[in-house]
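Chains, contacts and geometry: an overview
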Amino acid sequence: MTSPSQTAATKSDTPGLGPEGLKKGKKGKGGELTGRSPGRLMWTRFKRDRTGVVCAIVVLAFFVVAALAPVIGALYGKDPYTLYGNENPDLLDEFAYPAGPNGGMSGEHWFGIEPTLGRDVFMQLIYGIRMSLGISVAVTVLTVLTGIVIGVTAGYLGGKSDFFISRVIDFLLAFPSQLTFVAFMPVVVALFVSPGDETPTYVRVCALIIVQWALGWMGLARLLRGQVLSLREREFVEAARITGASPWRIIRKELLPNVVTPVLVQSTYMLPLFVTAEAGLSYLGVGIVEPTPDWGRLFQAAAVYYENDPTFLLFPAAAMVIFVLCFNLLGDSVRDAFDPKSGR
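Below: a short report on this structure. (Residues numbered from 1 in each chain as written. Predicted model: local features only at pLDDT ≥ 70, side-chain atom pairs only at ≥ 80, totals over all residues. Heavy atoms only, no water.)

Our next topic: the side chain of glutamate 278. Take glutamate 278: it is sitting in helix α15 (residues 260–283). Although glutamate 278 is buried, it forms no salt bridge, and the closest oppositely charged side chain is arginine 297 at an N-O distance of 9.2 Å. Within the local environment of glutamate 278, its side chain forms a polar contact with the side chain of serine 132, the two groups lying 2.9 Å apart. Setting aside chain neighbours within four positions, we find glutamate 278 in contact with Ser132, Ile135, Ser136, Leu208, Gln212, Ile288 and Asp294. (Helix = DSSP H or I, 4+ residues; strand = E, 2+ residues; numbered from the N terminus. Buried < 20%, exposed > 50% of the residue type's maximum accessible area, 1.4 Å probe, protein only. Lys, Arg positive; Asp, Glu negative; His and termini not counted. Salt bridge = Lys/Arg side-chain N within 4 Å of Asp/Glu carboxyl O. Polar contact = N/O pair within 3.5 Å; in protein donor to acceptor, adjacent residues only side chain to side chain. Contact = heavy atoms within 4.5 Å.)

Shown next, in the form of structure tokens:
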């Protein structure tokens, strides 16, 4: 069975259909022009977008640094937990602020040291990025999978099933996400740990993932529901039904390939939103707490130290701005690569 994306690719890439077809074709072994797959066309368009390529490299660098944080720490000779201010009293002044200029930046401590505690800011940032990206990637994966399952199911089944699922989505969308995150974090943590006991880090990580996932999938599900409602009435789906294809085969072979574009584009927009949401929860004190390194906890500490040590805020803030900006621009480039007309 042939879906619209396959049909469009065949028509636009077949020789003899005008200049556009000739431009997108490429010579095969016998010298004749052969069409390119939609994936190859998308990759070709993406490589021409310099902004998208640069942003992809920057984003990839963040993930590589986060994944290799232990290796970087071993080469750097520092870790995010040691109180270097206690080991070397000369690093902090009588007010417990970095004695050196620019927050104590030096060849030994590249980004300076943390006031009062004297921890290395560079390693705090590296491990903080690792924690925030790990949580956000897990939330994004769960959110995308849930949105696909619920959105495609509601769109394909229609009728009462669609009505019920749509009302559930509308109900959940009525919750203000940030306030709900803050309110429900202690509730979710209390399900795993007694109020009087110390909460392990892995419990807080699981609670952050659960809370953000529970209120993060509805937008994608609603988008895919609308896409599938339109696709299920198309000729290629009707032809698949007539030939006796099962609903699972129709969804897997005919519908899912035609919703890949919105899924990928939405994923590139969702991940930086989850990064900032996780950082915001840690900043408010309901996410990751001391002594575990976290991007948001660095902002929380910087709010206390900012007046006397503004350098402490510089590197976490710059890293956050660069990451979110590059990921959003990457999402725009991915959207334009899949659908060039969307940028016009």
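Summarising the element assignment, alanine 245 is placed in the loop between α13 (235–242) and α14 (247–255). A relative accessible area of 21% means that alanine 245 is categorised as partly exposed. Those residues within four positions of alanine 245 in sequence are excluded, and the remaining contacts are Ala240 and Ile250.

Residues Ile135, Met185 and Leu255 are the most contacted members of the largest nonpolar core, which totals 43 residues. When contributions to this core are tallied by element, the ones reaching two or more residues are α8 (121–157), α9 (159–173), α10 (177–192), α11 (201–214), α12 (218–231), α13, α14 and α15. At seven residues, α8 tops the list of elements feeding residues into this core. Other than its neighbours up to four places away in sequence, methionine 185 contacts Arg204, Ala207, Leu208, Val211, Leu281, Val286 and Gly287. Listed in part, the 31 residues of the second largest apolar core include Leu133, Val265, Met320 and Phe327. (Core = buried A, V, L, I, M, F, W, Y, C linked by side-chain atoms within 4.5 Å.)

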